[in-house]
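These are the residues of each chain, in order.
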Amino acid sequence: MKTLLLDKSQTKTAAEILRRGGIVGIPTETVYGLAADALNGGAVAKIFAAKGRPMDNPLIVHIADFSDIEKYGLVKEIPDGAERLARAYWPGPLTIIMKRSDVIPKEVSAGLDTVAIRLPSHPLARQIIREAGVPLAAPSANLSGSPSPTTAQHVLNDMDGKIDAVLDGGACDVGVESTVITLATDVPRLLRPGGITVAQLRAVLGKTEIDPAVTHMLEEGAEAASPGMKYKHYAPGANVVLLKGGDSAYIDYVNAHADDRTAALCCDEDIPLLNVKTLTLGKRGDYAAQAHILFDRLRQIDDDGGITTVYSRLPSTDGVGLAVYNRLIRAAGFEVIELEKV
Ligand code: AMP
Ligand code: MG
């Protein structure tokens, strides 16, 4: 299959392909999504095939307006918290899980009785959804397991020849996938951290639990509240190793293990102190900037074919830092070295 590279004036072409049951990479403010008509199970199945995504990992349904939930009859009922969350944070990087209706194909919900819905803020994403005239199911447009794409070029690197088109809308703003919260439980529960923080969720919902899988590896055999959480994810080819400890302990450890196949994913402030190749995530403490650049840096590690080990500091879990922490700990396969114990 030849993959068309569309520019931002060609939303109608993208919409037409989607209406006919094709799959298209589209920009959103979080990461690029690989979209299909969410109400067409056959079209959605093509997404799983192109990504190599396990069939038990459900997809997020993207809408252009809050009223689309009722217009397409996507859910059994809209829970009270959903309207309040939508008023506060939609359009934006927040996905809300609710009890699904029967119009949701099994390919989208992966057999669950719920559906994940998001209203993206990216103007091109909303325009394509409107022009397609259907809600769009869209996971991140990367090969399953590899870092999510934040540019059209990242999408092509993974998907050229496997999808109908990608529409180039420039680099994504947020850079990590949406915050996922479920309202299908008694107490609202964060399943995946993203650009909307825990504090922002609690400001609207009050009590909000954090699923243990956000920060920890699922125990063998445990059922995942969010199936995507159980897979090793976001990982470059090189081994990512997280280091937990103070500033100087971290610098000393990396320098002691320096060789020409080692790199550090670090902050600007660390660059002059490290004796290895560095890939910066920006200024220390600027979590939004770290989220924005993280996946691009993880992909750069692979572009530089010779790197076999990448050391990174264990990120903070404050604010948007929790999203960076969640992605990096998965990229590292949960491998953390506690420097005080070394
Ligand atoms: P992606 O689309 O690649 O950003 O991944 C979507 C994430 O949302 C995955 O971790 C899914 O497991 C999760 N997800 C989607 N739908 C549901 C649902 N109905 N219940 C729980 N998690 C979901
Ligand atoms: Mg993904």
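Look above for the structure.
So, here's what we can say about the structure. (Residues numbered from 1 in each chain as written. Chains lettered and ligands numbered in written order. Predicted model: local features only at pLDDT ≥ 70, side-chain atom pairs only at ≥ 80, totals over all residues. Heavy atoms only, no water.)

### Here we look at the packing of aromatic side chains
As enumerated under the stated definition, the model contains two aromatic pairs in all. Ring geometry for tyrosine 253 versus tyrosine 311: centroids 5.7 Å apart, planes at 85°, classification edge-to-face. Here tyrosine 311 lies in strand β15 (residues 309-313) and tyrosine 253 lies in helix α9 (residues 247-256), a separation of 58 residues in the sequence. Of the two residues, tyrosine 253 and tyrosine 311, neither departs from the other in class, the shared state being buried. (Phe/Tyr/Trp six-rings, centres within 6.5 Å; stacked < 30°, edge-to-face > 60°. Helix = DSSP H or I, 4+ residues; strand = E, 2+ residues; numbered from the N terminus. Buried < 20%, exposed > 50% of the residue type's maximum accessible area, 1.4 Å probe, protein only.)

### As for the nonpolar core
By size, the foremost hydrophobic cluster in this structure holds 51 residues, and its most contacted members are Leu74, Leu85, Trp90, Leu94, Ile96 and Ile117. At the level of secondary structure, the elements contributing two or more residues to this core comprise β3 (33-37), α2 (41-51), α4 (80-89), β5 (94-99), β6 (114-118), α7 (152-159) and α8 (198-205). Looking at which element gives the most residues to this core, the answer is α2, with five residues. Ignoring anything within four residues of it in the chain, the contact list for leucine 85 reads Trp90, Leu94, Ile96, Ile181, Leu183, Leu201, Val204 and Leu205. Counting 28 residues, the second largest nonpolar core, distinct from the first, contains Ala263, Leu265, Val310 and Leu314. (Core = buried A, V, L, I, M, F, W, Y, C linked by side-chain atoms within 4.5 Å. Contact = heavy atoms within 4.5 Å.)

### Examining unusual backbone geometry
In this model, tryptophan 90 is joined to proline 91 through a cis peptide bond whose omega is -5°. Within the fold, proline 91 resides in the loop between α4 and β5. With a phi angle near 50°, alanine 110 is a residue other than glycine that sits in the positive phi range. Assignment of secondary structure puts alanine 110 in the loop between α5 (106-109) and β6.

### Structural notes on the environment of glycine 206
Secondary-structure assignment places glycine 206 in the loop between α8 and β11 (209-210). Linking glycine 206 and proline 188, residues 18 residues apart in sequence, is a C-alpha distance of 9.0 Å.

### Here's the deal with the site of ligand 1
Surveying the vicinity of ligand 1 reveals 20 residues, the closest of which are Asn57, Thr114, Pro139, Arg192 and Gly228. Here an oxygen atom of ligand 1 sits 3.1 Å away from a polar atom, N or O, in the side chain of arginine 53. The contact in question runs from an oxygen atom of ligand 1 to an N or O atom on the backbone of proline 227, over 3.5 Å. Considered on its own, ligand 1 offers 490 Å² of accessible surface; in the complex 95% of this is hidden by protein. Breaking the shell around ligand 1 down by element, the ones donating at least two residues are β6 and β10 (189-192). It is β6 that provides the largest number of residues to the shell around ligand 1, a total of three residues. When its residues are assigned to classes, the shell around ligand 1 shows 12 nonpolar, five polar and three charged. (Near = heavy atom within 4 Å. Polar contact = N/O pair within 3.5 Å; in protein donor to acceptor, adjacent residues only side chain to side chain. Areas by Shrake-Rupley, 256 points an atom, 1.4 Å probe, with all protein chains shown as cover. Nonpolar A, V, L, I, M, F, W, Y, C, P; charged D, E, K, R; others polar.)

### Quick word on the sheet that holds strand β8 (residues 165-167)
Spatially, β1-β8-β2-β3-β7-β4-β6-β5-β9-β10-β11 is the arrangement adopted by the 11 strands of the open sheet, whose pairing is mixed. Strands with a single pairing partner mark the edges of an open sheet, and in this sheet they are β1 (4-6) and β11. With three bridges joining them, strand β4 (residues 60-62) and β6 adopt parallel strand pairing. In the sheet register, isoleucine 60 faces β6, and the bridge partner there is alanine 116. (Pairing = 2+ DSSP bridges.)

### Digging into the layout of surface pockets
Computed from the structure, the second largest pocket encloses a volume of approximately 240 Å³. The set of elements that each furnish at least two residues to the lining of the second largest pocket consists of β13 (262-266), α10 (287-303) and β15. Here the residues of the lining of the second largest pocket are counted per class, giving nine nonpolar, four polar and three charged. (1 Å grid on protein atoms, 1.4 Å probe; cavity = no way out; pocket = protein on both sides within 12 Å on 5 of 7 lines; lining within 4 Å. Points joined across faces, edges and corners; volume = space filled by probe spheres on them.)

### Looking at the side chain of threonine 309
Mapped onto the elements, threonine 309 comes out in strand β15. Residue threonine 309 is classed as buried on the basis of its relative accessible area of 17%. With residues near it in sequence (within four places) discarded, threonine 309 still touches Ala238, Asn239, Val241, Arg261, Thr262 and Ala263.

### Looking at the pairing of β5
The side chains of a regular strand alternate between the sheet's two faces. Buried residues dominate β5, accounting for five of its six residues. Bridge count between β5 and strand β9 (residues 179-182): four bridges; the pairing is parallel. Bridged to isoleucine 97 within β9 is threonine 182. Pairing between β5 and β6: five bridges, direction antiparallel. Among the inter-strand pairings, threonine 95 is bridged to a residue of β6, identified as arginine 118.

### Describing the packing of α10 against helix α11 (residues 321-331)
Where α10 contacts α11, the axes come no closer than 8 Å and their chain directions differ by 25°. On the basis of the axis angle, α10 is roughly parallel to α11. By crossing handedness, the relation of α10 to α11 is classed as left-handed. Two secondary-structure elements touch here, α10 through Tyr287, Gln290, Ala291, Leu294, Phe295 and Leu298 and α11 through Gly321, Val324, Arg327, Leu328 and Ala331. For the contact of α10 with α11, the per-class residue count stands at eight nonpolar, two polar and one charged. (Axes fitted to C-alpha atoms, helices over the stretch in contact; angles between N-to-C directions. Parallel < 35°, antiparallel > 145°, perpendicular 65-115°, else oblique. Left-handed = near helix turned anticlockwise from the far one by under 90°.)

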